[in-house]
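Chain residues, written in single-letter form:
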Amino acid sequence: MLSAACKDSIRAMIYIANLSKQEQFRDKFISIHKIARDLGLSFYFLSKNFQKLVKAGLLESHRGPQGGVRLLKKPSEIKLLDIVAVIDGMDFFHNCILGFEECSDTKPCTIHNLWADKRAEIYRMFEGTTLEDAIKNIEKFENVKV
């Protein structure tokens, strides 16, 4: 499924989007140390993931005492699939779940047809869910984990 780096990045992006709704954080850079601490993530690995997201144009970063990261787009414009594509790539949605290189519709593995439907469903979920959608779930449900 998704790598730990990808899961952590999705969580962090949702966290940033949610925090940036608050007046005190609106349009401000959020410290990577704060994000890592609040989410219980490694600062080093989170920084590496953020570099990729900055390069892809999803985040903006700034060094210094008031530095950190902030979203470059509105939460409603960033799909979870955008984050997955940057951190893990799209192989998950194209490759054989059992790892066969020659698995295809014409030369399928034993579970190719079962996986194809699920893979398409998962793709649609990531493609159709924005950071804004995820934030709404934080507001809608109690004890939602980020």
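Residues numbered from 1 in each chain as written. Predicted model: local features only at pLDDT ≥ 70, side-chain atom pairs only at ≥ 80, totals over all residues. Heavy atoms only, no water.

(A) Looking closely at the nonpolar core. Ranked by size, the top nonpolar core spans 38 residues in total, and within it Ile10, Met13, Ile35, Phe50, Ile83, Phe126 and Leu131 carry the most contacts. Sorting the residues of this core by element identifies helix 1 (4-19), helix 2 (32-39), helix 3 (43-55), strand 2 (68-71), helix 4 (80-87), helix 5 (112-127) and helix 6 (131-140) as the ones contributing at least two each. A total of nine residues in this core trace back to one element, the largest contributor, which is helix 1. Setting aside residues no more than four positions away along its own chain, Ile35 makes contact with Ala12, Tyr15, Ile16, Ile30, Leu46, Phe50 and Val69. (Core = buried A, V, L, I, M, F, W, Y, C linked by side-chain atoms within 4.5 Å. Buried < 20%, exposed > 50% of the residue type's maximum accessible area, 1.4 Å probe, protein only. Helix = DSSP H or I, 4+ residues; strand = E, 2+ residues; numbered from the N terminus. Contact = heavy atoms within 4.5 Å.)

(B) Examining the environment of Tyr123 more closely. Following the sequence through the fold, Tyr123 ends up in helix 5. Counting along the chain gives 43 residues from Tyr123 to Leu80, while the straight-line C-alpha distance between them is 9.8 Å. Not counting residues up to four positions away in its chain, the partners in contact with Tyr123 are Leu81, Met90 and Phe93.

(C) Up close: the confidence of the model for the chain. When the pLDDT values of the chain are averaged, the result is 92; 97% of them are 70 or greater. When pLDDT is averaged over each element of the chain, helix 4 comes out on top at 98 and helix 6 at the bottom at 87. (pLDDT = per-residue confidence, 0-100.)

(D) Focus on the environment of Tyr44. Here Tyr44 is to be found in helix 3. In the structure, Tyr44 is positioned 29 residues away from Lys73 in sequence and 24 Å away in space, judged by C-alpha atoms.

(E) Looking closely at helix 3. The end-to-end C-alpha separation of helix 3 is 18 Å, in line with the 18 Å expected for 13 residues at 1.5 Å each. Here helix 3 has its buried residues at Leu46, Ser47, Asn49, Phe50 and Leu53. Viewed along the axis of helix 3, the buried residues span an arc of 165 degrees, placing them on a single side of the element. More than 90 degrees from the buried face of helix 3, the exposed residues found are Phe45, Gln51 and Lys55. Downstream of helix 3 by a residue or two, Gly57 has a phi angle that is positive, lying close to 85 degrees. (Expected span 1.5 Å × (residues − 1). Arc of directions from axis to C-beta.)

(F) Expanded view of the packing of helix 1 against helix 4. Between helix 1 and helix 4, the shortest axis-to-axis distance is 9 Å and the interhelical angle comes to 140 degrees. Between helix 1 and helix 4, the angle is such that the two are oblique. Crossing geometry of helix 1 relative to helix 4 is assigned as right-handed. Counted together, Ala5, Cys6, Ser9, Ile10 and Met13 of helix 1 and Leu80, Ile83, Val84 and Ile87 of helix 4 form the full contact between these two elements. The residue inventory of the contact of helix 1 with helix 4, partitioned by class, reads eight nonpolar, one polar and no charged. (Axes fitted to C-alpha atoms, helices over the stretch in contact; angles between N-to-C directions. Parallel < 35°, antiparallel > 145°, perpendicular 65-115°, else oblique. Left-handed = near helix turned anticlockwise from the far one by under 90°. Nonpolar A, V, L, I, M, F, W, Y, C, P; charged D, E, K, R; others polar.)

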